[in-house]
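An overview of the molecular structure
Spelled out, the chains give:
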Amino acid sequence: MQANGVEASCIDHKPPPPADTRGKHRILAELKRLDQEARFLEEELEELEKTERVSATLQELLLEVESRPDPLLPETNGPANSSWDRWFEGPQDLHGCKCSIL
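The residue numbers shown here count from 1 along each chain, following its written sequence. Confidence filtering applies because this is a predicted model: local features only for residues at pLDDT of at least 70, side-chain atom pairs given and counted only at 80 or more, and all residues used for totals across whole chains, interfaces and linings. Calculated side-chain values reflect all of the structure's heavy atoms, with hydrogen atoms and water omitted.

**Observations concerning the overall build of the protein chain**
Working definition: helices are DSSP H or I runs of at least four residues, strands are E runs of at least two. Numbering for both runs from the N terminus. Helices and strands together make up the secondary structure of the protein chain, namely 3 helices and 2 strands. Of the regular secondary structure in the protein chain, the N- to C-terminal order runs β-β-α-α-α. For the protein chain, the residues scored as buried account for 0% of the 102 residues in total. Exposure categories follow from relative accessible area, calculated using a 1.4 Å probe and restricted to protein chains: below 20% of the type maximum is buried, above 50% is exposed, and the middle band is partly exposed.

**Comments concerning the pattern of salt bridges**
One speaks of a salt bridge when a side-chain nitrogen belonging to Lys or Arg is within 4 Å of a carboxyl oxygen belonging to Asp or Glu. Taken as a whole and assessed by the stated rule, the structure comprises 3 salt bridges. Measuring nitrogen to oxygen at the nearest pair gives 2.9 Å for the salt bridge that ties E64 to R68. Given the relative accessible area of 40%, E64 is considered partly exposed. By relative accessible area, which is 57% here, R68 ends up exposed.

**Points about the environment of S67**
Counting through the fold element by element, S67 comes out in helix α2 (residues 24-67). Residue classification places S67 among the exposed positions, given a relative accessible area of 55%. Within the local environment of S67, its side chain forms a polar contact with the backbone oxygen of E64, the two atoms lying 2.7 Å apart. Identification of polar contacts relies on pairs of N or O atoms within 3.5 Å, with a donor-acceptor requirement for protein atoms, meaning one able to donate a hydrogen and the other able to accept it, and with residues adjacent in sequence counted only if both atoms are side-chain atoms.

**Focus: a nonpolar patch on the surface**
Here, patches come from residues exposed beyond 30% relative accessible area and free of salt bridges, joined within 9 Å for like charges and within 5 Å for nonpolar side chains (Val, Leu, Ile, Met, Phe, Trp, Tyr). Per-residue and other accessible areas follow the Shrake-Rupley method at a 1.4 Å probe size, with only the shown protein chains counted as cover for residues. On the surface, a cluster of nonpolar side chains totalling about 340 Å² of accessible area is made up of I27, L28, L31 and L34. Along the polypeptide, L31 turns up in helix α2.

**Topic: a negative patch on the surface**
The sign given to each residue is positive for Lys and Arg and negative for Asp and Glu; His and the chain ends receive no count. Think of each charge as sitting on NZ of Lys, CZ of Arg, CG of Asp or CD of Glu. Taken together, the side chains of E42, E43, E44, E46, E47, E49 and E52 present a region of like negative charge at the surface. The residue E46 is located in helix α2 in this model.

Laid out in structure tokens, this is it:
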């Protein structure tokens, strides 16, 4: 069909998509940012790989240190002064205790 000398098939065509208006500079800046982010993530992965090896070494060191007594602390089998224990124990008779916390 023709309408006013123009074919109907020409009217059905979609207009071309709009051109990218961001410009070359913005596209390059976005690419550079993505490249920096990728490099940052690669560095993070390398650090994580190193951390696993370090954590295994630290675990061994911790086991070694914990197995030895501290040379700066005296070794005692019981309380050094038994009178101090009463301050760290709860009351023996809760009915006689007048405090409201316990």
